[in-house]
Each structure stands twice: as C-alpha cells, then as structure tokens.
Amino acid sequence: MPINARNIYFHELIGLKIKILQYTDPNLIGVEGIVVDETLKTLIIEKPDGKKIRVFKENGVFEFKLPHGEKVIIKGIDIIGRPWDRLKRVLTAKW
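The model shown is predicted, which means the values in this text are computed figures rather than measured ones.

Each value, and the rule that gives it
Residues numbered from 1 in each chain as written. Predicted model: local features only at pLDDT ≥ 70, side-chain atom pairs only at ≥ 80, totals over all residues. Heavy atoms only, no water. Helix = DSSP H or I, 4+ residues; strand = E, 2+ residues; numbered from the N terminus. Contact = heavy atoms within 4.5 Å. Core = buried A, V, L, I, M, F, W, Y, C linked by side-chain atoms within 4.5 Å. Buried < 20%, exposed > 50% of the residue type's maximum accessible area, 1.4 Å probe, protein only. Pairing = 2+ DSSP bridges. Axes fitted to C-alpha atoms, helices over the stretch in contact; angles between N-to-C directions.

Chemist: Whenever I open this one, the environment of Gly60 confuses me. Can you help?
Modeler: Inspection of the secondary structure assignment puts Gly60 in strand β5 (residues 60-65). With 16 residues separating them in the primary sequence, Gly60 and Gly76 have C-alpha atoms 5.3 Å apart. Each residue touching Gly60, except ones within four places of it in the same chain, is listed here: Gln22, Tyr23, Ile74, Lys75 and Gly76.

Quick look at the structure:
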C-alpha cells in the first residue's frame, strides 16, 4: 500500500523528506533533510550538506513530504515507536 497522509503513522519514515517545524531546541527549527534512520524515539536526518543530526520525536512537530508530493504535518509524539509497534497500538485501540 502506498504511503499517504492517513497511513503514514504505520509506515517506514526512512527516505522521506522532512522539515522541523517546531522543536524544543530553537536552533533546529527549519532544518530540512532526508530521514536516514529511525529508532523507537529518534529520527536521524541527513541535511543537504551531508551532516546527520539525531532528533527526539517527542520534542518536535515535523513536516514530511511524501513521494507523490503531498506534505503531512505530524506531532512527533504520534510517531514514537517503530512502525510495526505504531500499527499494533492503533489496532489495539480499535478493538
């Protein structure tokens, strides 16, 4: 299933373009790049200059650009966990 605004919470975020819209460290607001790794609580972003930064999901609000060009704004707290754990959490909540 292709990634879209409704299912991004259950998808792998690696490879998506990202922009930090809000963050507890004001120096990181506006940083853009590509998600190159994802852990339970963090995203690793490679900036255009090749430098990589690690940000905590729960500390920010992020804009992801999907492959077909749609932009999706997500609170980091909503994407804490690995993709399969996020899917389990949603499925459990529905039952």
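Next, the rest of the story.
Chemist: What am I meant to see in the environment of Gln22 here?
Modeler: Examined against the element boundaries, Gln22 turns out to sit in strand β1 (residues 17-23). Residues Gln22 and Lys75, spaced 53 residues apart in sequence, show a C-alpha to C-alpha distance of 9.1 Å.

Chemist: Is there a simple way to explain the nonpolar core in this structure?
Modeler: General note: in soluble globular proteins, nonpolar side chains tend to be found buried as a group. Ile8, Leu13, Ile20, Leu43, Val55, Phe62 and Phe64 are the most contacted members of the largest nonpolar core, which totals 20 residues. At the level of secondary structure, the elements contributing two or more residues to this core comprise β1, β3 (42-46), β4 (52-56), β5 and β6 (71-75). Looking at this core, the element that brings in the most residues is β1, giving three residues.

Chemist: How should the sheet that holds β1 be read in this particular structure?
Modeler: Backbone hydrogen bonds are what pair the strands of a sheet, in a parallel or an antiparallel way. The six strands are arranged β4-β3-β2-β1-β5-β6 in an open sheet whose pairing can be described as antiparallel. Every interior strand has two partners, whereas the edge strands, β4 and β6, have only one. Put simply, the sheet's adjacent strands are angled 40 degrees from each other on average, direction ignored. By the bridge criterion, five bridges tie β3 to β4 in an arrangement that is antiparallel.

Chemist: Just to check I follow, could you spell out the pairing of β3 for this structure?
Modeler: Remark: a regular strand shows side chains that alternate across the two faces of the sheet. Of all five residues that make up β3, four are buried, and the element is covered over most of its length. As defined by bridge partners, strand β2 (residues 32-38) adjoins β3 across four bridges and the pair is classed as antiparallel. The residue of β3 that forms the bridge with Glu38 is Leu43. In textbook terms, the turn of a hairpin is the stretch between consecutive antiparallel strands, and for β2 and β3 this stretch comprises three residues. Once β3 ends, the chain turns through five residues before running back antiparallel as β4, passing Gly50 with a positive phi of about 95 degrees.

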